[in-house]
Amino acid sequence: MKKIYNRNWLFKNFKSIAVLGALLVAGSASAQLSGTYTINSASSTSGTNYASFTALASALNSDGVSGAVTVNVVAGSGPYSQKFNLNAISGSSATNTITINGNGEKIKASSPVIKLYGTDYITFDDLVIEQTGSVNNKMFQAYNNVKFVTINDCEFLAPSGNAYGGYPGYYTSAYIWFGNHNFYYQNPTDQSTDITITNNKLWKGNSSVNGIGKNFGIMLANKSSATSDQNIEISGNDIQDYGQWGMYTKYVTGIDIKNNLVHNDNNTSSTYCYGIYVYDYFFSGASAVNIDANKIYNLAKNRSYAYMSLYGIYAYGYYAGVDFNITNNVMDLNGPYYIYGIYAYAYQASGDHNIVNNTIRMSGNVTYSYTRHYGIYNYYAPSGDVKNNIIVDQTQNWGSTNGASYLIYTYNPQCTFDYNNLDNSTMAGSAMSNSNRHTAYNGGNRTTLANWQGNAGGANSIAVDPQFTSVSTGDWKPQSIAMANKGGTGSTVPTLDLDGVTRNTSSPDVGALEYFVDVEIVSVDMTTAAQCGGYTEAVKI
């Protein structure tokens, strides 16, 4: 009996050691990630390589990270036909970040191609994301209070599916979407903070078919109670091939929207189109909404619909307690119907609306009888400066008998208007007359510059053709000598212009661009009678 007892004791010990060894092996196989890894479909998932985005997602979701993680997608290893879905990654932090370097490789699937559910401290760089199906959904979707998410230098391709399709696509279809709301008009219950979306291209690719893409370029919405600084940057992006909204933000504060190109050359189906749309209805924010140095143009180049309405920048601040700084932007809007260069509605708003040093050009083939053009529409404008703007209507085929063009349209303004260049002298068409061409409106038509200056327009505003260099090639730099150095100064005037050129601090130019006119004198013709030697005559340039 004694020998049998000892044998059982020995067996149990060996069994315990075997179980412990198995646990140790299992523990090492699922260790938290830290360091540098690769995604390479040519090699199996082993060691520091993952054969797919799916395999990497599985590891991150199950194991988390214990240090900074960099994942390099091996050049030439794609495309990867799969989704990439991440949840909250345990261990991620300001030091334990996750970086996906795409190296120009492609991941493609039905939308959403990439989904982040509560994923923080992650960066996507130089990755191509292509939609292959589910055209009504979001290609890149992030929600459940994500923070510190960066999308940089990526390409979003939507080569199939109507940008402005049927239900539910015109409510849900987007290249990039932040927020847990399903339809754009719904209010999310989460918030996205510390978001950086920079230097990306959103488009249909090389497809020759017009009218395809997504209905939204970038959607970013937060809950209405998220009033602290959200630290959001959307800059340097090329947004095109969309249905209605190039960019749509909701309940944002502490956001910089700058240096983006928003154009929609291939739009063929929507009934209205927005460049940048900011909605802060009954919203108070601790930090400003800054919209600076964006170019918005060709929103309806291939759209011939007679009632197509265009909005360059739409800033809705009804009862809002947040400051708006709209500076250095170019809006060149050509359309057949309603045009708003900057729509800044601010009834009972308590924040400042500073609309400074923008260039707004309106034009189009106008046939509908009740067409309206508004360069700046800031009804019930709150405090702030509206100055140093170029606002021109250069429509050459105005056929709207009962329509009207207003370079500025306001009512009961609390802001200061001055130093603007307001010119509609080149407008023409079968129905064009002074009865429908107005410098401004404020409780009534202010048809001439003098009428406007005698009302709220400011003594230093002018009416001069800016002589843009070449609007057909996207060069909105003025050549007008008469307009040079006519801007006002002050704290709301941006230090740099749209191109990053330092503005003249004592006599800046109006509009988005500082400019220099090189004048060469080739001859001087004296108009007075011949004089003897010693005669002098002043020459003006």
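Bear in mind the structure is a predicted one, so any value in this text is a computation, not a measurement.

The rules we used
Residues numbered from 1 in each chain as written. Predicted model: local features only at pLDDT ≥ 70, side-chain atom pairs only at ≥ 80, totals over all residues. Heavy atoms only, no water. Helix = DSSP H or I, 4+ residues; strand = E, 2+ residues; numbered from the N terminus. Buried < 20%, exposed > 50% of the residue type's maximum accessible area, 1.4 Å probe, protein only. Contact = heavy atoms within 4.5 Å. Areas by Shrake-Rupley, 256 points an atom, 1.4 Å probe, with all protein chains shown as cover. Phe/Tyr/Trp six-rings, centres within 6.5 Å; stacked < 30°, edge-to-face > 60°. Lys NZ or Arg CZ within 6 Å of the ring centre and 35° of its normal. Arc of directions from axis to C-beta. Pairing = 2+ DSSP bridges. pLDDT = per-residue confidence, 0-100. Salt bridge = Lys/Arg side-chain N within 4 Å of Asp/Glu carboxyl O. Lys, Arg positive; Asp, Glu negative; His and termini not counted. Polar contact = N/O pair within 3.5 Å; in protein donor to acceptor, adjacent residues only side chain to side chain. Core = buried A, V, L, I, M, F, W, Y, C linked by side-chain atoms within 4.5 Å.

A. Structural view of the overall build of the protein chain. Helix and strand content of the protein chain: four helices and 43 strands. Based on the C-alpha atoms only, the size of the protein chain along its principal axes is roughly 140 × 60 × 45 Å. Within the protein chain, the proportion of its 541 residues that are buried is 53%. Within the protein chain, residue pairs in contact and separated by at least 24 positions form 77% of the contacts whose partners lie at least 6 positions apart. Of the accessible surface of the protein chain, which amounts to about 22300 Å², a share of 47% is contributed by carbon and sulfur atoms.

B. Highlighting the packing of aromatic side chains. Considering all chains together, one arrives at 82 aromatic pairs under this definition. Ring geometry for Y251 versus Y279: centroids 6.1 Å apart, planes at 65 degrees, classification edge-to-face. Linking Y251 in the loop between strand 20 (242–250) and strand 21 (255–258) with Y279 in strand 23 (residues 272–279), this pair joins segments that are 28 residues apart in sequence. Taken as a pair, Y251 and Y279 share a single burial class, namely buried. Residue placement shows K138 over the ring face of W177; its charged tip is 4.4 Å from the ring centre.

C. Quick look at helix 2 (residues 53–63). Those residues of helix 2 not exposed but buried are F53, L56, A57, A59, L60 and D63. Seen along its axis, helix 2 keeps its buried residues to an arc of 170 degrees; they face one direction. Phi for G64, located one or two positions after helix 2, is positive at around 75 degrees.

D. Structural view of the pairing of strand 9 (residues 122–125). Burial along strand 9 is one-sided: I122 and F124 are buried, and none of T123 and D125, which face the opposite way, are. Relative to strand 9, strand 6 (residues 98–101) runs parallel, the two being bridged by four bridges. Residue I100 lies in a different strand from strand 9, and its bridge partner there is F124. Bridging between strand 9 and strand 12 (residues 147–152) involves four bridges; their strand directions are parallel. When the sheet's bridge partners are listed, F124 is paired in strand 12 with I151.

E. Just the confidence of the model for the protein chain, in detail. Taken over all residues, the pLDDT of the protein chain has a mean of 90, while the share at 70 or more is 90%. Note that pLDDT drops below 50 for residues 1–29; the model gives that stretch zero contacts with residues more than four away or on any other chain.

F. Summary view of the pattern of salt bridges. Using the criterion set out here, one finds five salt bridges in the structure. Its salt-bridge partner being D120, residue K147 comes within 3.0 Å of it at the nearest N-O pair. Residue K147 is located in strand 12, and its partner D120 is located in the loop between strand 8 (114–117) and strand 9; the two are separated by 27 residues in the primary sequence. Look at K147 and you get partly exposed, because its relative accessible area is 30%. The exposure class assigned to D120 is buried, which follows from its relative accessible area of 12%.

G. A look at the sheet that holds strand 13 (residues 155–157). Taken in spatial order, the 12 strands of this open sheet run 4-7-10-13-16-19-22-25-28-31-35-39, and their pairing is parallel. For this open sheet the edge positions go to strand 4 (80–81) and strand 39 (421–423), each flanked by a neighbour on one side alone.

H. Up close: the pairing of strand 17 (residues 214–221). Taking burial as the measure, the eight residues of strand 17 include eight buried ones, the bulk of the element. Looking at chain direction, strand 14 (residues 174–178) and strand 17 are connected through four bridges and run parallel. Along strand 17, the bridge assignment pairs F178 with L220.

I. Layout of the side chain of D280. Looking at the secondary structure, you find D280 in the loop between strand 23 and strand 24 (289–292). At 9.6 Å, K250 is the nearest oppositely charged side chain to D280, a buried residue that forms no salt bridge. A polar side-chain atom of D280 sits 3.1 Å from the main-chain amide nitrogen of Y251. Ignoring sequence-local partners within four residues, the contact set of D280 consists of K250, Y251, V252, V289, Y316, G317, Y318, A320, V322 and F324.

J. Examining the environment of G375 more closely. Within the secondary structure layout, G375 lies in strand 33 (residues 372–379). Judged by its relative accessible area of 0%, G375 falls in the buried class. Residues G375 and S225, spaced 150 residues apart in sequence, show a C-alpha to C-alpha distance of 33 Å. Residues contacting G375, with those up to four places away along its chain left out, are Y340, G341, I342, I360, M362, I391, Y406 and L407.

K. Geometry of unusual backbone geometry. Of note, the bond from G78 into P79 is cis; its omega dihedral lies within 30 degrees of zero at 0 degrees. On the secondary structure map, P79 appears in the loop between strand 3 (65–73) and strand 4. In this structure, P168 follows Y167 across a cis peptide bond, with omega equal to 0 degrees. Among the structural elements, P168 can be located in the loop between strand 13 and helix 3 (169–172). Unusually for a residue other than glycine, Y319 sits at a positive phi of about 55 degrees.

L. Quick look at the environment of Y318. Relative to the elements of secondary structure, Y318 occurs in the loop between strand 26 (309–316) and strand 27 (324–327). Measuring from C-alpha to C-alpha, the distance between Y318 and D229 comes to 20 Å, with 89 residues separating the pair along the chain. If near-sequence neighbours (up to four positions away) are discounted, Y318 is found in contact with D280, Y281, F282, Y345, A346 and Y347.

M. Quick peek at the nonpolar core. With 90 residues, the main nonpolar core has F124, F140, F156, I176 and F178 as its most contacted residues. At five residues, helix 2 tops the list of elements feeding residues into this core. Ignoring sequence-local partners within four residues, the contact set of F156 consists of I129, M139, F140, I151, Y175, I176, N200, K201, L202 and W203. Counting residues in hydrophobic clusters, the runner-up holds 26 residues, among them Y248, Y251, Y274 and A404.

N. Just the environment of F216, in detail. Mapped onto the secondary structure, F216 falls in strand 17. A sequence separation of 281 residues divides F216 from D497, and the C-alpha atoms of the two residues are 28 Å apart. Dropping the residues within four chain positions of it, F216 is found in contact with Y170, Y171, S173, A174, Y175, W177, Y184, W245 and Y248.

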